[in-house]
Amino acid sequence: MPLSKLRFKPGINRDRTDLAQMGGWYDGNFVRFREGYPEKLGGWQAETFDRYVGEATKLFVYSTADGAELAGLATTKKVYVRGGTSLYDITPIRATFVSTATDNCFTTNTTAGTEGQVLVTIVGHGATTGDFVTFSGAVAVGGITAVQLNLEFEVTVLTADTFTIQTAGTATSATTGGGTGITAAFQIDIGADSSVAGYGWGAGTWSRGAWGSGSTVPVIATVRLIFIDNFNNDLIFNLNNEGQIFFWEYDAAFSNRAVLLSSIAGAIAVPQKTEKTLFAPSGHLLCLGASEFSLVSTAGKTISSITSTSTTATVTTGTAHGLSTGDYVVLSGQTTTAYSGEYQITVTSTTTFTYTLVSATTSPASVVGTYAVQDYSGGAFNPMLIRWADVNADVGPKPEVWKPQLANTAGFLFVKEGSKIITGANVRQETLVWTNTSLSTIQFLGTAEVFSLQLLSSDTNIMGPNAFASVNNNMYWMGTDNFFVYDGRVNVLKCPLLRYVFDDINREQAQLVYGGTNKEFNEVIWFYCSGGAAPSTTIDRYIIYNYRDDVWYYGQLNRTTWVDAGINNFPLATSGGYIYSHENGPNDGQPLGAAPLAINSFIESAFMDIADGEFYMLTKRVIPDVDFTTSETIDPVTGATLTPAVDMSVAVTKFPGAATSTTDVAGTTLTRGVTTSTATIDQYTNQVFIRARGRQMNFKISSNTLGTQWQLGEARVDAQPDGLRG
């Protein structure tokens, strides 16, 4: 019988049965399709030497005016900036304690096995177990040296006033000390690595009910996400779950930590709570879900005098004013009127503060007037509110100015469809905003109204805050039961893997779903947690849509974030404490210079038959067509010679229900109903002789060797009808 080419429809289809998908591919891992033919995915290399702490939830790449290529990296426990192969900790400080609160706060112990553990007593420390604190200025105590104390530690909280740290020292005596010059800087509270739901003890808010009681309604403690955008050289980011907004100022030495946006000079009416911040294409910093604008004015203390030196005015009060640097006051009734207006102040003593005048004056106020303290921090959180900061026509974006005024463009609007904003993203010079039931678009008007809001769909949703990706002016996203694209209108993508994905996804971890693009291969990729009998709480799967060829494929891989190539030469992703560059070699590169591992890649066809399975099929030989062009022939670590090769398998069976594995997913042994013939193929293999007989046949190519990169072409098979009886 003449040779027949094995031609399969591109992409993988799991929404049909194995036999119903005849002529196509049914299973695979670490494969993609190029021009309709399957090939192994590219490998990866570790890019960083420093290991990050926590699970990475956001990776944001940008470049600075001095040419530095940086990446903001947020985890569930810390925030970093990547420069080169190093990570620099910029996690904001929540609270700093100094003398006398920290005087001799360390207590050592000599209990066997715990000699390095130190008890720390700081009244009202505010930390939770797992938080980080950095000590400085301590002196040796009980055999624990100053060098061993003046470090960063992860704390284990005992009470509201005490916690323990684990030092590298060994106490020689049980004593209390450390000196009177100690500074304790506590970083912002850590977040959860994954979402947790339950009724039990510890679920829900503190002081919810009686001590030890369970929650009366299901409570979900959601994972901490952080959203990052850049403002020129600097970064602005926020915590989710009604979190705060932070600002990091770039310096080439990476010595700065992030601070509250509301704490920088000129900041006014910054939202105290939000779900997501991002810059709109117009340059306005948006808050999606935000605390409402609020102004409470309180009369200040009696003014004794107002003097000035050039443009600096000094106010002296008759009693302690109780103000803090950065507060706003409105002065009125002064003569001269140059002293009147709203100003941000700098406190110089308990009875004096200064502010900067619009124009210089040297005359003291002949009438001191009064002042009122302006408090902008009291707004209630509204999950459907969008607020934006000012953009000045002369100087550009002013992300610290949120007070709406006639002279600026700061403002707000409300989304009507849904009950909570989930996320937002920019595409086509507009900003898309997803709620739990709808999709709207915000477009810049350039008028007094600043933005318009238009509903695009009231019948769509999104799986999580990062479950989207934009490419070629189209926005793709994973919904709760479908995949969508916005190309000017909302469309549902036809996907042959819907059951495979949505019947086996851990919806409790929907917030971890992460979308990205790989433009070199025309791909959109989503990473997610699998479900099943033992749902995964960490990302372990991916699904890819090839938008040029309109095909889908999937696999298993832990990557918690993804950034496409651009400023960076390769796509970047995070996993297990390190940043990796993808499409970089054929292997599973390991961190810290360890030897790379092979990638176990395969693709397997659906079963095919002759004459609807009436006849048995005898397969006698296969002429392979495999390309190994981009494989490596030298081991990058040992220098040993490598021979790129794949395993080719032909499996035959009598009935579609026959087991294609010797065990099921639970590990239960199955009766083997499939006969498989396997041969190793390299670039010099001409043909392979096999003997396999059955009603149905399938075809599989796999590789699990270092250096191997392959693409499958059109193999030919010598198969013929072989009777009606088995």
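Refer to the structure presented above.
Our subject in this report is the structure included herewith. Residue numbers restart at each chain and count upward from 1, following the sequence in its written direction. Where totals are concerned, whole chains, interfaces and linings use all residues; where local detail is concerned, this predicted model gives features only for residues with pLDDT of at least 70, and gives and counts side-chain atom pairs only at 80 or more. To obtain the side-chain values, all non-hydrogen atoms of the structure were included, while hydrogens and water were left out.

1. So, the sheet that holds strand 36 (residues 381-388)
- In this scheme, strands are said to pair when DSSP sees at least two bridges between them. Note on conventions: DSSP H or I runs of at least 4 residues are helices, E runs of at least 2 residues are strands, and numbering of each starts at the N terminus. Strand order in the open sheet made by the four strands is 26-27-36-39, with antiparallel pairing throughout. With partners counted over all chains shown, the strands left at the sheet margins are strand 26 (274-279) and strand 39 (411-414), one partner each. Strand after strand, the sheet turns through a mean of 25° between neighbouring axes, direction not considered.
- Of the pairings in the sheet, the one linking strand 26 to strand 27 (residues 285-291) comprises five bridges and is antiparallel in character. Note that in strand 27 the partner of threonine 277 across the bridge is cysteine 287. Only the stretch in contact is used when fitting a helix axis, every axis being a line fitted to C-alpha atoms; angles between N-to-C directions are given from 0 to 180 degrees.

2. Side note on the packing of aromatic side chains
- Ring geometry is summarised as follows: Phe, Tyr and Trp rings, the Trp one being its six-membered ring, pair when their centres sit within 6.5 Å, and such pairs are stacked at plane angles under 30 degrees, edge-to-face over 60 and tilted between the two. Under the definition given, this model contains 35 aromatic pairs.
- Seen in terms of ring centroids, phenylalanine 237 and phenylalanine 246 are 5.5 Å apart; in terms of plane orientation they differ by 25°. Their pairing is stacked. Each of the two residues, phenylalanine 237 as well as phenylalanine 246, counts as buried.
- Put simply, the rings of Tyr476, Phe483, Phe502, Trp526, Tyr545, Tyr547 and Trp552 pair up and form one aromatic cluster.
- For a ring to carry a charge above it, either NZ of a lysine or CZ of an arginine must fall within 6 Å of the ring centroid while also lying within 35 degrees of the normal to the ring plane. Lying over the aromatic face of phenylalanine 521, arginine 32 brings its terminal NZ or CZ to 3.6 Å of the ring centre.
- The positively charged end of arginine 559 is found above the aromatic ring belonging to tyrosine 580, 4.9 Å away from the centroid. Note on classification: 1.4 Å probe, protein chains only; a residue is buried when its accessible area is under 20% of the maximum for its type, exposed when over 50%, partly exposed between these limits.

3. Let's talk about the pairing of strand 53 (residues 572-575)
- Because side chains alternate across strand 53, one face comprises the buried residues Leu572 and Thr574, and the other comprises Ala573 and Ser575, equally buried.
- Bridge analysis of strand 52 (residues 561-563) against strand 53 gives three bridges, and the strand direction is antiparallel. Its bridge partner lying in strand 53, tryptophan 562 is registered against alanine 573.
- Counting the residues between successive antiparallel strands, the hairpin from strand 53 to strand 54 (residues 578-582) contains two residues, one of them, glycine 576, with a positive phi of roughly 60°.

4. Notes on the state of the cysteines
- Note on disulfides: each one is a pair of cysteine sulfur atoms within 2.5 Å. For the structure on display, the rule yields zero disulfides.
- The thiol of cysteine 495 is unpaired, and the distance to the nearest cysteine sulfur, on cysteine 529, comes to 18 Å.
- Relative accessible area serves as the criterion here: at 6%, cysteine 495 is assigned to the buried category.

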